[in-house]
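The primary structure of each chain is shown beneath.
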Amino acid sequence: MSNPIIKQFVVEGSTAFPVAMLTTDQCWPARAADAAAIASHTIDVDAYRKIILASAAKYAPNRQGWIAAGWRVID
């Protein structure tokens, strides 16, 4: 079994991070700093954040889902 190719994309927003989108897009925070930025929404809900997410190459981010959640995919 070959290892999957990992792709990264960036999302940005200033509302509470839509954690459910991680499951929807089958993705995860790319770095510890990104996981911390997701967790920080409980401290400062309205803070603007850019978060790098990683996913297996066969999955593309659901741009409309992110927009509906108040975030957008920028990369």
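The structure displayed is predicted, hence computed values, not measured ones. (Residues numbered from 1 in each chain as written. Predicted model: local features only at pLDDT ≥ 70, side-chain atom pairs only at ≥ 80, totals over all residues. Heavy atoms only, no water.)

(A) Fine view of the sheet that holds strand S2 (residues 27-29). Strand order in this open sheet of four strands is S2-S3-S1-S4, and the pairing throughout is antiparallel. The open sheet has two edge strands with one neighbour each: S2 and strand S4 (72-73). Sheet topology places strand S1 (residues 6-13) next to S4; two bridges connect them, and they run antiparallel. Opposite Glu12, over in S4, you have Arg72 as the bridge partner. In this fold helix H2 (residues 32-39) packs onto S2 and strand S3 (49-56), with an angle of close to 120° to the strand it touches most, S3. (Pairing = 2+ DSSP bridges. Helix = DSSP H or I, 4+ residues; strand = E, 2+ residues; numbered from the N terminus. Contact = heavy atoms within 4.5 Å. Axes fitted to C-alpha atoms, helices over the stretch in contact; angles between N-to-C directions.)

(B) Local environment of the pattern of salt bridges. In total, this model carries two salt bridges according to the counting rule given. A salt bridge links Glu12 to Arg72, with the nearest nitrogen and oxygen atoms 2.5 Å apart. Placement of Glu12 in strand S1 and of Arg72 in strand S4 is noted, with a sequence separation of 60 residues between them. Under the relative-accessibility criterion, Arg72 is labelled partly exposed at 46%. In this structure, Asp34 engages Arg31 in a salt bridge whose closest nitrogen and oxygen atoms are separated by 2.8 Å. (Salt bridge = Lys/Arg side-chain N within 4 Å of Asp/Glu carboxyl O. Buried < 20%, exposed > 50% of the residue type's maximum accessible area, 1.4 Å probe, protein only.)

(C) Structural detail: the packing of aromatic side chains. Inspection of the entire model under this criterion finds two aromatic pairs. Relative to Trp71, the ring of Phe17 has its centre 5.2 Å away and its plane inclined at 80°; by these criteria the two rings are edge-to-face. A residue pair is termed long-range when its members are at least 10 positions apart, and Phe17 in the loop between S1 and helix H1 (20-24) and Trp71 in the loop between helix H3 (63-68) and S4 qualify at 54 residues. One exposure class covers both Phe17 and Trp71, and it is buried. Pairwise contacts between aromatic rings join Phe17, Trp66 and Trp71 into one cluster. (Phe/Tyr/Trp six-rings, centres within 6.5 Å; stacked < 30°, edge-to-face > 60°.)

(D) Seen up close, the confidence of the model for the protein chain. On average, residues of the protein chain score 88 in pLDDT, and 91% of them reach the 70 mark or higher. Mean pLDDT values over the elements of the protein chain span from 92, in H2, up to 97, in S2. (pLDDT = per-residue confidence, 0-100.)

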